[in-house]
Amino acid sequence: MYTVVGSAKSRAFRVTWMLEEMGEEYTHIPAGPRTPEAMEYNPSGKIPALVDGDDVLTDSVAIMTYLGDKHGKLTAPAGTPARARQDAMTFWLIDEFDAILWAAAKHSFVFPKDKRVPEIKDSLKAEFMRAADLLADRLEGPFLMGDQMTHADILAVHCINWSIGANFPRVNDKLGTWAKSLRERDAFKAAQARS
């Protein structure tokens, strides 16, 4: 059984949602960043962490990639063109969605007040919306990679949810409807209920 360390309102939700989708059992330690509990598993205090036996893994995308490869679910097989396309989508989401949201968070509450530049948030919001429109244009099937759900879908929906919580403008209707359909999945609801 796995242990997921990290608060539900963090990137740890990506990991719990993926475990629910795969039907894998886990326990959840709802530790916040830089808390003593989080630092027990990751000296930097960053969350999430995944405990698998004697191994402790960090970084939500690395954890999702590990879980997908280990269980052969929610991922294309390693060494295939489909996997290269999936990895390209994942890296694009990290660069164009996650990094923008994280920059906005840093200038909202992470940095000390004297280091924040609130004015940057308007340009970050505009950049996020540009990326959201590009993603909507690329969406051709029920999932980002076509007919098969992958961890890229989890990553994208988590970022869209984060953007809502951060008071970014709403994504376009096509992308919003798609994200809503994934939030209606039983596994998403189960991960929320366990939070």
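This report concerns the structure included in the present document. Just so we're clear, the structure is a prediction, and the values are computed from it rather than from any experiment.

Considerations on helix α6 (residues 151-165)
So, point 1. The end-to-end C-alpha distance of α6, which contains 15 residues, comes to 21 Å, matching closely the 21 Å that a straight helix rising 1.5 Å per residue would cover.
So, point 2. Of all 15 residues in α6, 11 are buried, a share of seventy percent or more.
So, point 3. By the burial criterion, the buried members of α6 are His151, Ala152, Asp153, Ile154, Leu155, Ala156, Val157, His158, Cys159, Ile160 and Ser163.
So, point 4. Packing partners of the buried residues in α6 comprise α1 (12-22), α3 (60-71), α4 (81-110), α5 (120-138) and α7 (173-183).
So, point 5. Trailing α6 by a residue or two, Asn167 shows a phi angle of about 60 degrees, which is positive.

Some words on the pattern of salt bridges
So, point 1. Inspection of the entire model under this criterion finds 10 salt bridges.
So, point 2. With a closest N to O distance of 2.9 Å, Arg11 and Asp98 form a salt bridge. Of the two residues, Arg11 sits in the loop between β1 (2-5) and α1 while Asp98 sits in helix α4, which places them 87 residues apart along the sequence.
So, point 3. With a relative accessible area of 8%, Asp98 lands in the buried category.

Here is what the cut-offs are and how they apply
Residues numbered from 1 in each chain as written. Predicted model: local features only at pLDDT ≥ 70, side-chain atom pairs only at ≥ 80, totals over all residues. Heavy atoms only, no water. Helix = DSSP H or I, 4+ residues; strand = E, 2+ residues; numbered from the N terminus. Expected span 1.5 Å × (residues − 1). Buried < 20%, exposed > 50% of the residue type's maximum accessible area, 1.4 Å probe, protein only. Contact = heavy atoms within 4.5 Å. Salt bridge = Lys/Arg side-chain N within 4 Å of Asp/Glu carboxyl O.

Function-wise, these values are silent; they only describe arrangement.
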